[in-house]
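Tertiary structure, described
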Amino acid sequence: MRVRVLLVDDDALVRAGLSMILSSAEDLEVVGEADDGSRAVAAVRQHRPDVVLMDIRMPEMDGITATAALCRLDAPPHVIVLTTFQADEPTRRLATLTDREREVALAVGSGASNAEVASSLFMSEATVKAHVSRLLAKLDVANRVHIAIVVHDAHQP
(Lines give C-alpha, C1' and ligand atoms only; values in the text may rest on other atoms or scores of the structure.)
Protein backbone atom coordinates (compact mmCIF):
# COMPACT_ATOMS: atom_id res chain seq x y z
CA MET A 1 0.00 0.00 0.00
CA ARG A 2 1.34 3.42 -0.98
CA VAL A 3 1.08 6.52 1.18
CA ARG A 4 -0.47 9.36 -0.80
CA VAL A 5 1.31 12.69 -0.20
CA LEU A 6 0.34 16.28 -1.01
CA LEU A 7 3.14 18.89 -1.08
CA VAL A 8 2.33 22.44 0.04
CA ASP A 9 4.97 25.16 -0.29
CA ASP A 10 4.97 28.52 -2.04
CA ASP A 11 8.43 27.80 -3.46
CA ALA A 12 8.28 25.72 -6.65
CA LEU A 13 11.92 24.67 -6.23
CA VAL A 14 11.22 23.22 -2.78
CA ARG A 15 8.15 21.38 -4.09
CA ALA A 16 10.15 20.00 -7.02
CA GLY A 17 12.95 18.85 -4.73
CA LEU A 18 10.59 17.17 -2.30
CA SER A 19 8.69 15.55 -5.14
CA MET A 20 11.90 14.19 -6.64
CA ILE A 21 13.05 12.79 -3.29
CA LEU A 22 9.68 11.29 -2.33
CA SER A 23 9.01 9.83 -5.78
CA SER A 24 12.07 7.63 -5.41
CA ALA A 25 10.39 5.77 -2.53
CA GLU A 26 8.27 2.85 -3.70
CA ASP A 27 5.76 3.20 -0.86
CA LEU A 28 5.10 6.93 -1.39
CA GLU A 29 3.09 8.63 -4.11
CA VAL A 30 3.00 12.40 -4.59
CA VAL A 31 -0.60 12.98 -5.62
CA GLY A 32 -0.55 16.75 -5.88
CA GLU A 33 0.97 20.07 -5.01
CA ALA A 34 -0.27 23.45 -3.83
CA ASP A 35 1.52 26.77 -3.51
CA ASP A 36 -0.71 28.28 -0.82
CA GLY A 37 -2.73 27.21 2.19
CA SER A 38 -6.12 27.90 0.63
CA ARG A 39 -5.19 25.90 -2.47
CA ALA A 40 -3.95 23.15 -0.14
CA VAL A 41 -7.44 22.73 1.32
CA ALA A 42 -8.91 22.46 -2.19
CA ALA A 43 -6.17 20.02 -3.22
CA VAL A 44 -6.86 17.82 -0.18
CA ARG A 45 -10.54 17.67 -1.13
CA GLN A 46 -9.59 16.79 -4.70
CA HIS A 47 -6.73 14.30 -4.15
CA ARG A 48 -7.56 12.81 -0.72
CA PRO A 49 -3.92 12.40 0.43
CA ASP A 50 -2.96 10.41 3.51
CA VAL A 51 -0.27 12.96 4.44
CA VAL A 52 0.24 16.65 3.72
CA LEU A 53 3.75 18.11 3.89
CA MET A 54 2.94 21.71 4.85
CA ASP A 55 5.13 24.80 4.82
CA ILE A 56 4.25 27.39 7.48
CA ARG A 57 5.30 30.59 5.76
CA MET A 58 3.18 31.24 2.67
CA PRO A 59 1.85 34.55 1.36
CA GLU A 60 -1.94 34.21 1.16
CA MET A 61 -2.95 31.59 3.72
CA ASP A 62 -0.18 30.37 6.01
CA GLY A 63 0.34 26.73 6.90
CA ILE A 64 -0.96 27.07 10.45
CA THR A 65 -4.31 28.41 9.22
CA ALA A 66 -4.45 25.79 6.47
CA THR A 67 -3.68 22.99 8.92
CA ALA A 68 -6.50 24.16 11.19
CA ALA A 69 -8.86 24.11 8.19
CA LEU A 70 -7.72 20.61 7.25
CA CYS A 71 -8.30 19.35 10.79
CA ARG A 72 -11.95 20.39 10.51
CA LEU A 73 -12.51 18.16 7.46
CA ASP A 74 -14.17 14.77 7.73
CA ALA A 75 -11.31 12.22 7.72
CA PRO A 76 -8.53 14.81 7.70
CA PRO A 77 -5.07 13.84 6.45
CA HIS A 78 -2.04 13.72 8.71
CA VAL A 79 -0.09 16.97 8.47
CA ILE A 80 3.67 17.20 8.75
CA VAL A 81 5.01 20.71 8.99
CA LEU A 82 8.15 21.36 6.97
CA THR A 83 9.61 24.81 6.95
CA THR A 84 12.92 26.55 6.61
CA PHE A 85 14.08 29.42 8.72
CA GLN A 86 17.20 31.50 8.29
CA ALA A 87 18.73 29.80 11.34
CA ASP A 88 21.60 28.31 9.38
CA GLU A 89 22.33 31.64 7.63
CA PRO A 90 22.70 30.42 4.00
CA THR A 91 24.39 33.71 2.92
CA ARG A 92 27.21 32.98 5.43
CA ARG A 93 27.46 29.43 4.04
CA LEU A 94 27.85 30.76 0.50
CA ALA A 95 30.49 33.21 1.74
CA THR A 96 32.77 30.23 2.43
CA LEU A 97 32.85 29.39 -1.29
CA THR A 98 35.38 30.52 -3.85
CA ASP A 99 34.08 32.72 -6.68
CA ARG A 100 34.13 29.75 -9.06
CA GLU A 101 32.30 27.49 -6.57
CA ARG A 102 29.70 30.23 -6.12
CA GLU A 103 29.21 30.39 -9.92
CA VAL A 104 28.73 26.62 -10.04
CA ALA A 105 26.35 26.73 -7.06
CA LEU A 106 24.25 29.43 -8.76
CA ALA A 107 24.12 27.40 -11.98
CA VAL A 108 23.15 24.23 -10.08
CA GLY A 109 20.58 26.31 -8.17
CA SER A 110 18.99 27.33 -11.46
CA GLY A 111 18.53 23.65 -12.33
CA ALA A 112 21.39 23.32 -14.83
CA SER A 113 22.85 19.87 -15.50
CA ASN A 114 26.60 19.25 -15.25
CA ALA A 115 26.87 19.51 -19.03
CA GLU A 116 24.98 22.83 -19.04
CA VAL A 117 27.14 24.20 -16.21
CA ALA A 118 30.29 23.11 -18.05
CA SER A 119 29.17 24.80 -21.25
CA SER A 120 28.05 28.06 -19.64
CA LEU A 121 31.13 28.38 -17.40
CA PHE A 122 33.67 27.11 -19.98
CA MET A 123 34.93 24.12 -18.02
CA SER A 124 34.89 20.35 -18.43
CA GLU A 125 32.15 18.19 -16.96
CA ALA A 126 34.78 16.51 -14.78
CA THR A 127 35.68 19.90 -13.31
CA VAL A 128 32.00 20.65 -12.69
CA LYS A 129 31.63 17.30 -10.92
CA ALA A 130 34.62 18.15 -8.74
CA HIS A 131 33.13 21.54 -7.89
CA VAL A 132 29.76 19.96 -7.07
CA SER A 133 31.48 17.44 -4.78
CA ARG A 134 33.25 20.28 -2.97
CA LEU A 135 29.96 22.20 -2.72
CA LEU A 136 28.27 19.21 -1.11
CA ALA A 137 31.04 19.05 1.49
CA LYS A 138 31.41 22.79 2.12
CA LEU A 139 27.66 23.43 2.36
CA ASP A 140 27.15 20.21 4.34
CA VAL A 141 24.31 19.06 2.10
CA ALA A 142 23.38 15.69 0.65
CA ASN A 143 22.54 16.42 -2.97
CA ARG A 144 22.07 18.98 -5.77
CA VAL A 145 18.56 19.82 -4.60
CA HIS A 146 19.96 20.89 -1.23
CA ILE A 147 22.55 23.05 -3.01
CA ALA A 148 19.71 24.72 -4.90
CA ILE A 149 17.77 25.31 -1.68
CA VAL A 150 20.79 26.92 0.03
CA VAL A 151 21.32 29.16 -3.02
CA HIS A 152 17.64 30.07 -3.07
CA ASP A 153 17.50 30.83 0.64
CA ALA A 154 20.65 32.94 0.41
CA HIS A 155 18.93 35.16 -2.15
CA GLN A 156 15.70 35.65 -0.20
CA PRO A 157 15.12 39.19 1.11
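Preceding this section is the structure that the text describes.
These remarks concern the structure in this document. If you're wondering where the values come from, they're calculated on a predicted model, not measured in any experiment.

1. A closer look at the pairing of strand β2 (residues 28–34)
Note that strand β1 (residues 3–8) and β2 share six bridges and pair parallel. Of the residues in β2, the one forming a bridge with valine 8 is alanine 34. For the handedness criterion, the β-α-β arrangement of β1, helix α1 (residues 12–23) and β2 is classed as right-handed.

2. Brief notes about the sheet that holds strand β4 (residues 78–81)
With parallel pairing, the four strands of this open sheet are ordered in space as β2-β1-β3-β4. Taken across any chain shown, the strands that pair with only one partner, and hence form the sheet edges, are β2 and β4. Adjacent strand axes in the sheet meet at a mean angle of 25 degrees when their direction is disregarded. As paired strands, strand β3 (residues 51–54) and β4 are joined by four bridges and run parallel to one another.

3. Brief notes about helix α2 (residues 37–47)
What α2 keeps buried is the set Gly37, Ala40, Val41, Ala43 and Val44. Each buried residue of α2 sits inside an arc of 165 degrees when the element is viewed along its axis, so together they form one side. Counted as exposed and oriented over 90 degrees from the buried face of α2: Arg45 and Gln46. Packed against the buried residues of α2 are β1, β2, β3 and α3 (63–71). Phi for arginine 48, located one or two positions after α2, is positive at around 50 degrees.

Cut-offs and rules
- Residue numbering note: each chain is counted from 1, following its sequence as written.
- Local features in this predicted model are restricted to residues of pLDDT 70 or higher, and side-chain atom pairs are both shown and tallied only at a pLDDT of 80 or more, whereas totals for entire chains, interfaces and linings draw on every residue.
- Side-chain descriptors were evaluated using all non-hydrogen atoms of the structure, hydrogens and water having been removed beforehand.
- Between any two strands, pairing holds if DSSP finds at least two bridges.
- For the purposes of this entry, the term helix denotes a DSSP run of H or I that reaches at least four residues, the term strand denotes a run of E that reaches at least two, and both are numbered from the N terminus.
- Crossover handedness is defined here as right-handed if the route from the first strand over the helix to the second strand goes clockwise, with the strands pointing away from the viewer.
- As a rule, the C-alpha atoms of each element are fitted with a line to give its axis, helices using only the stretch in contact, and angles between N-to-C directions run from 0 to 180 degrees.
- Relative accessibility under 20% of the residue-type maximum defines a buried residue, over 50% an exposed one, and the middle range a partly exposed one, all with a 1.4 Å probe and only protein chains included.
- Note: the arc covers the axis-to-C-beta directions of the helix.
- Any two residues whose heavy atoms approach within 4.5 Å are treated as being in contact.

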